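Per-entry structural report
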Amino acid sequence: MIEHLLTSEQKRVVEDARAFVKDTPRQLILDMDAEQVRFPKDWLREAAKRNLLGVRHPKAWGGRGMDWVTASAVCEEIGSLSYELACVFGVGADLVCDAILRHGTDAQRERYVKPLLAGEIFAAECLTEPRGGSDFFGATTTAKDCGDHFLLNGQKRFIVGAEGADYFLVYARTNPDPKAPPQQSITCFIVDRGPGVETKYLYGLMGCRGGGTGRLVFRDVKVPRENVVGEVHGAYPVFNTMMIPERLGTAAMTVGAARPALDVATQYSSRRKAFGQVINRFQGVSFQVAEAATLLDASRAMVYATSRAADEVADMDHVRRLISETKKFVTESCQKVVHNAMQVVGGIGYTNVLPLERIYRDIRLASIWTGTNEVMAMIVAHEWYREHGKQKAAKLARDYARDAAEADAADEIIYE
Ligand SMILES: Cc1cc2nc3c(=O)[nH]c(=O)nc-3n(C[C@H](O)[C@H](O)[C@H](O)COP(=O)(O)OP(=O)(O)OC[C@H]3O[C@@H](n4cnc5c(N)ncnc54)[C@H](O)[C@@H]3O)c2cc1C
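Residues numbered from 1 in each chain as written. Predicted model: local features only at pLDDT ≥ 70, side-chain atom pairs only at ≥ 80, totals over all residues.

All right, on to the overall build of the protein chain then. If you tally the helices and strands in the protein chain, you get 11 helices and 10 strands. In terms of overall size, the protein chain behaves like a compact globule, its C-alpha atoms giving a radius of gyration of 23 Å where 416 residues would be expected to give roughly 22 Å. Each principal axis of the C-alpha atoms in the protein chain carries an extent, and together these give about 75 × 70 × 40 Å. (Helix = DSSP H or I, 4+ residues; strand = E, 2+ residues; numbered from the N terminus. Rg over C-alpha atoms; globule rule 2.2 N^0.38 Å.)

Further remarks concern helix α4 (residues 68-79). Residue pairs three or four apart in sequence face the same way in an α-helix, which turns once every 3.6 residues. Helix length check: α4, at 12 residues, gives a terminal C-alpha distance of 16 Å against a target of 16 Å (1.5 Å per residue), a fit within 8%. With 12 of 12 residues buried, α4 lies mostly within the body of the structure. The set of residues buried in α4 consists of W68, V69, T70, A71, S72, A73, V74, C75, E76, E77, I78 and G79. On its buried face, α4 sits against α1 (8-23), α5 (83-103), α7 (235-269) and α8 (283-312). (Expected span 1.5 Å × (residues − 1). Buried ≥ 20, exposed ≤ 12 C-beta atoms within 10 Å, placed from the backbone. Contact = placed C-beta atoms within 7 Å.)

Attention now goes to the site of the ligand. Inspection of the region around the ligand gives 23 residues, with L127, G133, S134, T372 and E374 positioned closest. Elements with a minimum of two residues in the shell around the ligand: β1 (123-126), β3 (149-159) and α11 (373-394). (Near = placed C-beta within 6 Å.)

Time to look at the domain arrangement of the protein chain. Along its sequence, the protein chain is carved into domain 1 (3-121), domain 2 (125-233) and domain 3 (236-393). The C-alpha centroid of domain 2 is placed 23 Å from the C-alpha centroid of domain 1. With 25 residues of domain 1 at the contact, the number on the domain 2 side is 19 residues. Contributions of two or more residues to the side of domain 1 that touches domain 2 are made by α2 (26-33), α5 and α6 (106-117). (Domains from an automatic or database assignment.)

Let's shift gears to the pairing of β1. Every other side chain in a regular strand lies on the same face of the sheet, so the side chains alternate between the two faces. Every second residue of β1 is oriented toward a common face, with A123 and E125 on one face and A124 and C126 on the other, all of them buried. Pairing geometry for β1 and strand β4 (residues 167-173), over four bridges, is parallel. Each residue of the ladder has a partner; that of C126, found in β4, is V170. (Pairing = 2+ DSSP bridges.)

For C146, the location among the structural elements is in the loop between β2 (142-145) and β3. In this structure the C-alpha to C-alpha distance between C146 and T372, which are 226 residues apart in sequence, comes to 35 Å.

On to the nonpolar core, then. Ranked by internal contacts, the top residues of the largest apolar core, which has 113 residues, are L152, F168, F189, A258, V337, V338 and A341. Here this core gets 16 residues from one element, more than from any other, and that element is α7. (Core = buried A, V, L, I, M, F, W, Y, C linked by C-beta atoms within 7 Å.)

The phi dihedral of N51 is positive, around 60°, even though this residue is not glycine. Tracing the chain through its elements places N51 in the loop between α3 (41-49) and α4. The class of N51 is partly exposed, set by 17 C-beta atoms lying within 10 Å.

Let's shift gears to α5. A rise of 1.5 Å per residue sets the reference length of α5, with its 21 residues, at 30 Å; its end C-alpha atoms lie 28 Å apart and thus fit the reference within 8%. The largest bend along α5 measures about 40° and falls at G90. Extensive coverage of α5 is indicated by the burial of 18 of its 21 residues. (Bend = angle between axes of the 7 residues up to and from the residue.)

This part covers the packing of α8 against helix α9 (residues 316-345). The contact between α8 and α9 brings their axes to 9 Å, and the two run at 160°. The angle between α8 and α9 places the two elements in the roughly antiparallel class. Both α8 and α9 take part in a crossing whose hand is left-handed. Here the residues of the contact of α8 with α9 are counted per class, giving 19 nonpolar, seven polar and two charged. (Axes fitted to C-alpha atoms, helices over the stretch in contact; angles between N-to-C directions. Parallel < 35°, antiparallel > 145°, perpendicular 65-115°, else oblique. Left-handed = near helix turned anticlockwise from the far one by under 90°. Nonpolar A, V, L, I, M, F, W, Y, C, P; charged D, E, K, R; others polar.)

Viewed as axis vectors pointing N to C, α9 and helix α10 (residues 356-363) meet at an angle of 155°, and their least axial separation amounts to 10 Å. In terms of orientation, α9 lies roughly antiparallel with respect to α10. Crossing geometry of α9 relative to α10 is assigned as left-handed. Counted together, C334, Q335, V338, A341, M342 and V345 of α9 and L356, I359, Y360 and I363 of α10 form the full contact between these two elements.

The subject of this paragraph is the pairing of strand β7 (residues 214-224). Across eight bridges, β3 lies against β7 in antiparallel orientation. Bridge pairing links L152 to V221 in β7. When strand β6 (residues 197-202) meets β7, the two strands line up antiparallel, connected through four bridges. Pairing of V197 across the sheet is with F218, part of β7.

With respect to the secondary-structure elements, L117 resides in helix α6. For L117, a count of 24 C-beta atoms within 10 Å corresponds to the buried category. It is 5.7 Å that separates the C-alpha atoms of L117 and L53, two residues lying 64 residues apart in sequence. In this view, L117 contacts A48, L53, G54, H57, W61, G62, G63, A93 and C97; residues no more than four positions away in its chain are not counted.

What follows deals with the environment of R398. Along the chain, R398 turns up in the segment after α11. A count of 7 C-beta atoms within 10 Å places R398 in the exposed class. Spatially, the C-alpha atoms of R398 and P355 are 51 Å apart, while their sequence positions differ by 43 residues.

Right under this line is the structure:
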C-alpha cells in the first residue's frame, strides 16, 4: 500500500501482516504448489492468532474494526507470499464473514463468524456451477422450502476450500416459479459439511494449488431455516455486497503477488552480465523494469483510491464501477508486471530455480475468478453510461461538445 497515505494505526496493522509474511515458512508455499498440503489450516490458525483475519470486521466479532484501506493493505502483504495463500486468507474471513455480518443474524455471527475469525473453523464460498460462473442468476442448484428446513440439491465447482472448509456459503434457486424475476429467485444459505455434502475431486490446476479447490455435490442436504442469510429469495443484495470484498480483495492481493516478481527481476538484472555489461545497463532491460514498476505503483494507487471510496462513498453503484475498473486494470497490469519480470531474467525465469514461473501460473487466475474481466468491463460500461446520463440530465457540468468552432453544424452531427 502507499505508505505515506496510511495512518499510524493502519501502519501498525500492516506491520503485523508483514511480520506474519516474514514468519511463514517457504516450505508451506512449495508444499502447496506441489499439492502436498491440500488446505493450509495451521497457517490460517496462526493468522487468526495474530488477529489478522477480517481486520475490517467489528472487534465484537473478532476483527480489528479497521477500514477498507487497511484490509487492502493487509491483502497486498499476504498476496506477496503466494496467490493461493491470499485466496484462502480472503475467502472465509473476508467474503463469507462479510456476507454473514452484513446480512445474517446474531446467532449466525456467533456460530459462524466468531469461530472462523478465531481460526477454529473454515469456510468456502459456493457460487460457480459447472454450467457457468458469470451468469449468477442462471444458478441451477435448488433448495426446496420444506417449512423448518430446505432441501438442497445441485453442484458447485472451482470452490476454494471445497476440501478443508467446515461450512459453505451456497446460493441456490428457491423460487420454483419460472416467471419470477431473477433478482427474487435465489437464496443464500449457510450449509454445514455433513450428510449429503460431498467434495468430489481436486482439479489439476495450472497454479493456485493447495487451497482445497474442488467440486461440491449436494444431495438432499437438510439446511435448517435459520441458516438462510438475509431473506428467502433475497440473495441478490448478499451477492452484491460480497462482490466488494471479492473484487477489491482480488485487486489488492494481485498487487502483492506481482511485487516479488519485480523484486526478483530487479535483483537479478542488477548482477547478471551479458556482452560484458550488467544487463540493467541495457535500456531493453531497464525500461521493462521501469514499465513494471510504473504499472505496480499505478495499480497500488488505484487500489488505495478505490478502498477509500469503499470506506467513504455512499453511492454503491459508483463504488461498484470503481471496484470493477480496479479489478480489471490491476489484474491485467500485474500480469504484465510478472511477464516483464520473467522476460528480464531470461531462461532461468522459466525454471523453478526462481519463483517467477509459479507466480506467473498463479496470477493468471486473477483476471478469471471473482468475475471475469469481461464481466468487469460490462459493469463498468453499464455504470459509466448511467452516471454520464445522470450528469448530463442534471446540466451541472460544462457541455464540452460546444467547445468546437463548428459546434452548431447540426447538419453534420448525425446520430441516426
Ligand atoms: C482456481 C479457481 C478458483 C475459484 N474459486 C472459486 C470459489 O471459491 N467460489 C466460486 O464460487 N467460484 C470460484 N471460481 C470460479 C470463477 O469465479 C469462475 O471460473 C468465473 O467466474 C468464470 O466462470 P466460468 O468459469 O463458468 O466461465 P463462463 O461464465 O462460462 O465464461 C466463459 C467465458 O465467457 C465470457 N463471458 C461470459 N458471459 C459473458 C458476457 N455476458 N459478456 C462477455 N463475456 C462473457 C467470460 O468472460 C469467459 O471468458 C474459481 C475458479 C478457479 C479457476
